[in-house]
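Architecture at a glance
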Amino acid sequence: MAKSAIKLKINGAEVEALVEPRTLLVHFLREQQMLTGTHIGCETSHCGVCTVDLNGMSVKSCTIFAIQADGADVITIEGMANADGTLHALQEGFRQMHGLQCGFCTPGMILRAHRLLKENPNPTEAEIRMGIAGNLCRCTGYQNIVKAIQHAAAKLGGREYLEAAE
Amino acid sequence: MIPASFDYHRPKSTPEALAILGQYGDDARVVAGGHSLIPMMKLRMAQPSHLVDLRSIPELKGIRIDGTTIVIGAMTTQAELLGSAQLTAAVPILHEAALQIADPQVRYMGTLGGNVANGDPGNDMPAVMQCLDASYRVTGKTGSRSIKARAFYKSAYVTALNSGEIVTAIEIPVPPGKHGYSYDKLKRKIGDYATAAAAVMMTVSGGKVQTCAIALTNLGPTPIYCAQASAAIVGSGLDTAAITAAAGAAGALMAPSPDGRGTVQFRTSVGGVMIGRALQRAYQRATA
Ligand SMILES: Cc1cc2nc3c(=O)[nH]c(=O)nc-3n(C[C@H](O)[C@H](O)[C@H](O)COP(=O)(O)OP(=O)(O)OC[C@H]3O[C@@H](n4cnc5c(N)ncnc54)[C@H](O)[C@@H]3O)c2cc1C
Ligand code: FES
Ligand code: FES
């Protein structure tokens, strides 16, 4: 099958590549770009582990073709840490609040939480729960994920977060 | 899950899209948000050889209030509907319904045009559009026409759309400033299609219902506009007898299929409950 040239930005870097039109974005990221931080779970658009940020939207990368991302600006978990290598506030929050156990859902959770906090820097608990409704976690029971996002919101807002993890 | 191979097209204007559709006929399929079509392609239940992506056509985007009509471009996403304060103020039922569709990720991508054109009885917007008496602006090789939502759905996945036509916009008559509305949906979990759902629009004066429209989601192969049930409510003060009469008239139109969401009997019964709740909430809002 003929391949088409695409050009997009991934974690700030310009990338040019050849893709088959039917290649899903998640397969392109993992298998052609070797960015395996974006996971594949259900493959049926339900679990959210494949969530990346695309042009300022949280998108399930198993439900969009790489060719549709031609010209787009994509952020994956590999692009979340600060330029000096220190953890992003969300990564820090997940670490401090035990927002993960097996860690499988974490890249998707963090990318989704990233966009949520950009749109709503100080969400209520209910807004966080609604905001991550498209991301499933089979380990944590969500309590500590909510706290991790609250921790990050506080840090990004220059406030201290005083709650303890469950 | 890897879809079958296809050629990808990304036209920059509606005429260009129509030309591609004309060239490839039934081998071509348009893709909007892709959140119904791509899952079908992954399951190989859809295998178009040409995919025509509408995402780069600027004229298919945007929300505009044009005197007595609200015009929403087909490629407007559910997230954009939710983000429009002007739209929410004029037609709050759209906001209420859009929030009950899937999850944030799906709403960033899924479009209003895709939701209404898809023809899946599980989609929520078709019943809302029937309730609002909306029309779909449709364009094909031979020109443009307007089809009422109430006349658009023929059976599951079969609509009044002809091959080579695309929905370009959804046109909604601006509801009266003071009206009641409700979209009540029972679902098993976030991201699930309705076990049953009911949309209601209503105006009330002096405690009596002046106008009423009721439409249902996922209670048959198409969305169901319930003219008789709506008429049973008009003139009443929304007493129990009127609600029972409406639910009875609507119940006669329901034909859900038994699936993981329940038996025919259960889903029909939930349909009646959703109608009752939606009527009551709409009445409260109209009289608040
Ligand atoms: C996990 C999940 C949960 C979901 N839950 C719900 C839910 O609860 N309620 C609900 O309503 N939906 C739900 N959806 C579906 C979602 O809302 C879809 O986005 C929507 O049904 C289709 O819109 P789209 O823009 O993605 O269309 P696409 O998938 O791109 O297209 C759907 C169909 O419509 C045709 N089409 C699209 N646009 C046009 C046009 N402008 N003119 C002519 N034909 C067109 C396409 O050819 C295709 O056949 C869910 C989806 C997922 C993945
Ligand atoms: S792998 Fe994409 S949503 Fe589950
Ligand atoms: S930490 Fe294991 S799935 Fe979320």
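Residues numbered from 1 in each chain as written. Chains lettered and ligands numbered in written order. Predicted model: local features only at pLDDT ≥ 70, side-chain atom pairs only at ≥ 80, totals over all residues. Heavy atoms only, no water.

1. Comments concerning a nonpolar patch on the surface
Together, A:M130, B:L99 and B:I190 make up an exposed nonpolar region whose accessible area comes to about 220 Å². Position of A:M130 relative to the elements: it lies in helix α4 (residues 125–131). (Patch = residues over 30% accessible without salt bridge, like charges linked within 9 Å, V, L, I, M, F, W, Y side chains within 5 Å. Areas by Shrake-Rupley, 256 points an atom, 1.4 Å probe, with all protein chains shown as cover. Salt bridge = Lys/Arg side-chain N within 4 Å of Asp/Glu carboxyl O. Helix = DSSP H or I, 4+ residues; strand = E, 2+ residues; numbered from the N terminus.)

2. Points about the sheet that holds strand β5 (residues 73–75) of chain A
Residue and element names in this part refer to chain A. One open sheet holds the five strands; their spatial order is β2-β1-β5-β3-β4, and the pairing between them is mixed. The open sheet is flanked by β2 (13–19) and β4 (57–60), the only strands paired with a single partner. On average, each strand axis in the sheet is inclined to that of its neighbour by 40°, with strand direction left out of account. In the sheet, strand β1 (residues 4–10) pairs with β2 via seven bridges, with the strands oriented antiparallel. Counted as the bridge partner of S4 is V19 from β2. Against the sheet, helix α3 (residues 106–119) contacts β3 (51–54), β4 and β5, and its axis sits at roughly 35° relative to β3. (Pairing = 2+ DSSP bridges. Axes fitted to C-alpha atoms, helices over the stretch in contact; angles between N-to-C directions. Contact = heavy atoms within 4.5 Å.)

3. Some words on the domain arrangement of chain A
As a measure of interface size, the accessible area lost when the parts come together is often cited. Residue and element names in this part refer to chain A. Here chain A is partitioned into domain 1 (4–79) and domain 2 (89–164). The centre of domain 1, based on its C-alpha atoms, is set 22 Å off from the matching centre of domain 2. For the pairing of domain 1 and domain 2, the buried interface totals around 1,200 Å² over both sides, and the portion due to carbon and sulfur atoms is 60%. When the area that domain 1 buries against domain 2 is broken down by residue, the three leading residues are H39, V49 and I77, summing to 36%. (Domains from an automatic or database assignment. Buried area = accessible area lost by both parts, 1.4 Å probe.)

4. A word on the nonpolar core
Residue and element names in this part refer to chain B. Formed by 42 residues in total, the largest nonpolar core has its most connected members in L94, M125, M129 and Y136. It is helix α8 (residues 125–131) that contributes the most residues to this core, five residues altogether. What M125 contacts, discounting residues up to four positions off in sequence, is Q78, L81, L94, A97, A98, I101, L112, N115 and V116. (Core = buried A, V, L, I, M, F, W, Y, C linked by side-chain atoms within 4.5 Å. Buried < 20%, exposed > 50% of the residue type's maximum accessible area, 1.4 Å probe, protein only.)

5. Re the site of ligand 1
As a matter of local geometry, ligand 1 sits amid 31 residues, with B:V30, B:A32, B:S36, B:T111 and B:D124 nearest to it. The local environment of ligand 1 is shared, drawing residues from chains A and B. Between ligand 1 and the protein, one listed contact pairs an oxygen atom with a side-chain N or O atom of B:T111 at 2.6 Å. B:N115 has a polar side-chain atom sitting 3.0 Å from an oxygen atom of ligand 1. In isolation ligand 1 exposes 960 Å². Once the protein is present, 96% of that is buried. By residue class, the composition of the shell around ligand 1 is 14 nonpolar, 13 polar and four charged. (Near = heavy atom within 4 Å. Polar contact = N/O pair within 3.5 Å; in protein donor to acceptor, adjacent residues only side chain to side chain. Nonpolar A, V, L, I, M, F, W, Y, C, P; charged D, E, K, R; others polar.)

6. Quick word on the interface of chain B and chain A
With 29 residues of chain B at the contact, the number on the chain A side is 33 residues. Buried area between chain B and chain A, both sides added, is near 2,500 Å², and the carbon and sulfur share of it is 61%. Its largest share of buried area at the contact with chain A, chain B owes to B:M1, B:Q105 and B:Y108, together 26% of the area lost on that side. At the surface where chain B touches chain A, the tally comes to one salt bridge.

7. Some words on the packing of aromatic side chains
For the structure shown, the criterion picks out four aromatic pairs over all chains. With a centroid separation of 5.0 Å and 65° between ring planes, the pair formed by A:F65 and B:F6 is classed as edge-to-face. Note that A:F65 is positioned in the loop between β4 and β5 and B:F6 in the segment before β1 (7–9), a pairing that runs across two chains. Taken individually, A:F65 and B:F6 each receive the classification buried, so the pair is uniform in this respect. Where B:Y136 meets B:F152, the ring centres are 4.9 Å apart and the plane angle is 85°; that geometry is what we call edge-to-face. Separated by 16 residues along the polypeptide, B:Y136 in strand β6 (residues 135–140) and B:F152 in helix α9 (residues 149–152) bring together distant segments of the chain. What makes B:Y136 buried here is its relative accessible area of 0%. Taking relative accessible area as the criterion, B:F152 reaches 0% and is therefore assigned buried. (Phe/Tyr/Trp six-rings, centres within 6.5 Å; stacked < 30°, edge-to-face > 60°.)

8. Quick notes on the sheet that holds strand β3 (residues 50–53) of chain B
Residues and elements named next belong to chain B. Spatially, β1-β3-β2 is the arrangement adopted by the three strands of the open sheet, whose pairing is parallel. Both edges of this open sheet fall to β1 and β2 (28–31), since each of them pairs with a single strand only. Strand-to-strand twist across the sheet, computed as the mean angle between neighbouring axes with direction ignored, equals 25°. Sheet contacts for helix α1 (residues 14–24): β1, β2 and β3; angle to β3, the most-contacted strand, approximately 165°.

9. Concerning unusual backbone geometry
Residue A:Y142 is not a glycine yet carries a positive backbone phi of 75°. Checked against the element boundaries, A:Y142 lands in the loop between α4 and α5 (143–156). Here the phi dihedral of B:Y157 falls at roughly 65°; this positive angle occurs in a residue that is not glycine. Within the secondary structure, B:Y157 sits in the loop between β8 (153–155) and β9 (158–159). For B:Y157, a relative accessible area of 44% translates into the label partly exposed.

10. So, the domain arrangement of chain B
Residue and element names in this part refer to chain B. Partitioning chain B into structural domains gives domain 1 (7–53), domain 2 (58–173) and domain 3 (181–282). Contact with domain 2, which involves 23 residues of that partner, is made by 24 residues of domain 3. Summing both partners gives a buried area of about 2,000 Å² for domain 2 against domain 3, and 62% of it is carried by carbon and sulfur. At the boundary of domain 2 with domain 3, the tally comes to two salt bridges.

11. Things to note about the side chain of B:D103
Along the chain, B:D103 turns up in the loop between α5 (92–98) and α6 (104–109). Within the local environment of B:D103, its side chain forms a polar contact with the side chain of A:K60, the two groups lying 2.6 Å apart. Within polar-contact distance, the side chain of B:D103 engages the backbone nitrogen of B:Q105 at 3.1 Å. With sequence-adjacent residues up to four places away left out, B:D103 is seen in contact with A:K60, A:A133, A:G134 and B:I190.

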